[in-house]
Amino acid sequence: MQEEQERGERCGYARKEAALAERTARTDPDREALARHSARLPGIERATAQVAARYLGRIRVIVGWSVGDSRYACGVPLVNEHGSLLAVFDPLPQPGPCPAFLLDVDLPLLFPTEERRERFAQYRAVSERVREAGYSADPE
């Protein structure tokens, strides 16, 4: 029960971080060009359609201006018109805070190819094991 509560707290904090990153990015006009560029990546249209289908087409899914934020592991944030993070497209497996953030935010991760998804899934499994070991270690 406590583990679920802690996971919920981490998820809430991660989503607040993502919302802040998006609001901050939307104050920088140069970020709009980066978002427009990212909206033309191969597979992004299919990814936005998948996310919209999860919400039965009731929301508009767009590329977030916070693209390039390190928490997304070089992936592209997919957000609604209000800037709320809905999914991340094509994050790369890499060390650092990114995998932890992506695990905490607990949203869909979408990939342009099965090979990219499998590679990230392998890295994610290792990250989860390392993270669990860190949380379960007895303090001395």
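Note that the structure is predicted; figures quoted are calculated from it, not measured.

Asks: Explanation requested: the pairing of strand β2 (residues 76–79) in the structure shown.
Replies: Here is the key point about a regular strand: its side chains alternate between the two faces of the sheet. Neither face of β2 is open: one carries V76 and L78, the other P77 and V79, and all of them are buried. Bridging between β2 and strand β3 (residues 85–89) involves four bridges; their strand directions are antiparallel. The residue bridging L78 from the neighbouring strand is A87, located in β3. Adjacent in sequence and paired antiparallel, β2 and β3 are bridged by five residues, among which G83 carries a positive phi angle near 90 degrees.

Asks: I'm lost on the pairing of β3 in this one. Help?
Replies: Taking burial as the measure, the five residues of β3 include five buried ones, the bulk of the element. One ladder, built from two bridges, connects β3 with strand β4 (residues 109–110); its direction is parallel. Following the sheet pairing, F89 is matched in β4 by L110.

Asks: Would you mind going over the pattern of salt bridges with me for this structure?
Replies: Once their charged atoms are close, side chains differing in charge can pair, the charge on each being opposite to the other. Applying the stated rule across the entire model yields eight salt bridges. The partner of R10 in a salt bridge is D104, with the nearest N and O atoms 3.2 Å apart. Taken together, the residues span a long stretch of sequence, with R10 in helix α1 (residues 2–25) and D104 in helix α4 (residues 97–105) at a distance of 94 residues. Taking relative accessible area as the criterion, R10 reaches 25% and is therefore assigned partly exposed. When the shortest N-O distance is used, the salt bridge between E22 and R26 registers 2.8 Å.

Asks: Before we go on, may I ask you to explain the sheet that holds β2 in this structure?
Replies: Two strands in a sheet stick together by hydrogen bonds in their backbones, pointing the same way (parallel) or opposite ways (antiparallel). If you walk across this open sheet you meet the four strands as β1-β2-β3-β4, and the pairing is mixed. Edge strands, defined here as strands with exactly one partner in the open sheet, are β1 (62–63) and β4. Along the sheet, helix α3 (residues 44–54) makes contact with β1, β2, β3 and β4, crossing β2 at roughly 40 degrees.

Asks: Explain the packing of aromatic side chains to me, please; I cannot follow it from the model alone.
Replies: Describing an aromatic ring pair means giving the distance of the ring centres and the angle of the ring planes. Evaluation of the coordinates by the stated rule reveals two aromatic pairs. Arranged with centres 6.0 Å apart and planes meeting at 70 degrees, the rings of Y72 and F101 form a pair that is edge-to-face. One end of the pair, Y72, is in the loop between β1 and β2; the other, F101, is in helix α4, and 29 residues separate them in sequence. Classification of Y72 as buried rests on a relative accessible area of 1%. Residue F101 is classed as buried on the basis of its relative accessible area, which comes to 5%. Taking 5.6 Å as the distance between ring centres and 40 degrees as the angle between the ring planes, the aromatic pair formed by F111 and F120 counts as tilted. Each member of the pair, F111 together with F120, is buried. Residue placement shows R71 over the ring face of F101; its charged tip is 5.9 Å from the ring centre.

Thresholds applied
For every chain, the first residue of the written sequence is number 1, and numbering continues from 1 along that sequence. It should be noted that, the model being predicted, local features are given only for residues of pLDDT at least 70 and side-chain atom pairs only at 80 or more, the latter also being counted only at that level, while totals for whole chains, interfaces and linings use all residues. Each side-chain value is worked out from all heavy atoms of the structure, with water and hydrogens disregarded. With a 1.4 Å probe rolled over the protein chains alone, any residue whose accessible area is under 20% of its type maximum counts as buried; one over 50% counts as exposed, and the rest are partly exposed. By the criteria applied, helices consist of DSSP H or I runs no shorter than four residues and strands consist of E runs no shorter than two, each listed in order from the N terminus. Two strands pair under a simple rule: DSSP has to find at least two bridges between them. Any Lys or Arg side-chain nitrogen found within 4 Å of a carboxyl oxygen on Asp or Glu counts as a salt bridge. Whether two residues are in contact is decided by their heavy atoms, any of which lying within 4.5 Å being enough. Axis definition: a line fitted to C-alpha atoms, over the contacting stretch in the case of helices. Angles run 0 to 180 degrees between N-to-C directions. Stacked, tilted and edge-to-face are the three classes applied to pairs of Phe, Tyr and Trp rings, where Trp contributes its six-membered ring and a pair requires centres within 6.5 Å; stacked means planes under 30 degrees apart, edge-to-face means over 60, and tilted covers the rest. Our definition puts a charge over a ring when NZ of Lys or CZ of Arg is within 6 Å of the ring centre and also within 35 degrees of the ring normal.

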